[in-house]
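# Analysis of the macromolecular model
Here is how the chains run, residue by residue.
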There are 2 protein chains.
Amino acid sequence: MQRVKLDKIDRRILRDLQEDGRMTNVELARRAGISAPPCLRRVRALEETGFIQGYHADVDAQALGYNVTVFAMVGLASQAEHDLRAFEARAAAWPEVRECHMVAGEMDFLLKIVSHSWDEYQKFLTTELTVAENVNHVKSALSIRTAKNMPGVPIDIEVED
Amino acid sequence: MQRVKLDKIDRRILRDLQEDGRMTNVELARRAGISAPPCLRRVRALEETGFIQGYHADVDAQALGYNVTVFAMVGLASQAEHDLRAFEARAAAWPEVRECHMVAGEMDFLLKIVSHSWDEYQKFLTTELTVAENVNHVKSALSIRTAKNMPGVPIDIEVED
DNA sequence: GGTGAAACACGGAAATT
DNA sequence: AATTTCCGTGTTTCACC
């Protein structure tokens, strides 16, 4: 990762693209207060230095039948680095597991899992997750409703460079 | 939300745009096996019916100095609908709170929070979250590392229409 | 869903400060 | 060194089949 400082224009670009990833370069430039070519160069630079890691359409999970989101709190029997990595690799391979975070506290991993139904989740839980190597215990927190779901991070453009 | 069935081409479009939200319409059409104009019509229809809720650049949180991600498990004193809504409104107004899910289980809400540092998080915790109306207890799970972070849902194009 | 055409945006190169 | 203007190329998006 580059440690070059971002100026106000860069942050403005990041904020706008985080808000609307399909904004055209001319509109982006207009908002940033510069002309299109340097704006595009900045975007390319932000992509190449990894500040922008990609662009994604936000697909409505429920519209596709994914009605159930569950956060699974997983405790492992062994926390040796090799065993942690092995579990992470297994979690990454399950398509219904969308996020896998190693956390400090009473659990070892927090997983965000999407399913078509509670039954489907239970099947995944009993035939995949709880029986996986080194998994000690799993607590499931079913998401009833999502009040906020903002991608990315807050970007304040009004700070000094 | 429309309950019209998506055909294989629609699912292909959704999958590709979820993967790369800035893919050009001609490339999208080429992959879907149709020409550009009908492809664009499908994309617009998917946007208007809400299957596609938006497009977002995936900004590297760490590169912007957000080194700390915390999952806060919040228990409320009162679970009356009015009080739940009040807490959700408050959570939605905090910019560092990126996600707020009401969950079933031992807690009431699961929040995903980003901060520049552990200190900044503790300040938020002690001056905002724990002192907020109706908040009973908060357990913080600091994310050590993220092994997987896939946006959206798995989209299988090879199912019958 | 496909075809053709106009409007527009992208992405160089040269000119400007 | 960076931004602005200009222009060729490709894409988007319209009307129509």
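Residues numbered from 1 in each chain as written. Chains lettered and ligands numbered in written order. Predicted model: local features only at pLDDT ≥ 70, side-chain atom pairs only at ≥ 80, totals over all residues. Heavy atoms only, no water.

Chain A is annotated in an unreviewed UniProt entry as ArsR family transcriptional regulator of Thalassospira tepidiphila MCCC 1A03514.

Moving on to unusual backbone geometry. With a phi close to 80 degrees, A:Asn134 is a non-glycine residue in the positive phi region. As for its placement among the helices and strands, A:Asn134 is situated in the loop between helix 5 (118–129) and strand 5 (135–149). (Helix = DSSP H or I, 4+ residues; strand = E, 2+ residues; numbered from the N terminus.)

Looking at the secondary structure, you find A:Pro95 in the loop between helix 4 (81–93) and strand 3 (97–104). A relative accessible area of 45% places A:Pro95 in the partly exposed class. Counting along the chain gives 57 residues from A:Pro95 to A:Pro38, while the straight-line C-alpha distance between them is 39 Å. If we skip the residues at most four places from it in the chain, A:Pro95 touches B:Lys148 and B:Pro154. (Buried < 20%, exposed > 50% of the residue type's maximum accessible area, 1.4 Å probe, protein only. Contact = heavy atoms within 4.5 Å.)

With that settled, consider the relation of the copies chain A and chain B. It takes a turn of 180 degrees to lay chain A on chain B, together with a shift of 0.0 Å along the axis; the resulting RMSD is 0.1 Å. Taken together, the turn and the small shift mark the pair as related by a two-fold rotation axis. (Least-squares fit on C-alpha atoms with pLDDT ≥ 70 in both.)

The subject of this paragraph is the interface of chain A and chain B. Accessible area lost when the parts come together is the quantity often used to give the size of an interface. With 67 residues of chain A in contact, the opposing surface of chain B contributes 67 residues. Surface buried jointly by chain A and chain B totals about 6,200 Å² across both partners, of which 55% is contributed by carbon and sulfur atoms. Across the pair A:Glu88 and B:Arg145 runs a salt bridge whose closest N-O atoms are separated by 2.8 Å. On the surface where chain A and chain B come into contact, there are 53 residue pairs in polar contact (both at pLDDT 80 or more). Broken down by secondary-structure element, the contributors of at least two residues to the side of chain A that touches chain B are helix 1 (8–19), strand 1 (52–59), strand 2 (68–76), helix 4, strand 3, strand 4 (109–115) and strand 5 of chain A. Ranked by residues supplied to the side of chain A that touches chain B, first place goes to strand 5 of chain A with eleven residues. Looking at the side of chain A that touches chain B, its residues break down into 39 nonpolar, 13 polar and 15 charged. With six bridges joining them, strand 3 of chain A and strand 5 (residues 135–149) of chain B adopt antiparallel strand pairing. Pairing of A:His101 across the sheet is with B:Thr146, part of strand 5 of chain B. (Buried area = accessible area lost by both parts, 1.4 Å probe. Salt bridge = Lys/Arg side-chain N within 4 Å of Asp/Glu carboxyl O. Polar contact = N/O pair within 3.5 Å; in protein donor to acceptor, adjacent residues only side chain to side chain. Nonpolar A, V, L, I, M, F, W, Y, C, P; charged D, E, K, R; others polar. Pairing = 2+ DSSP bridges.)

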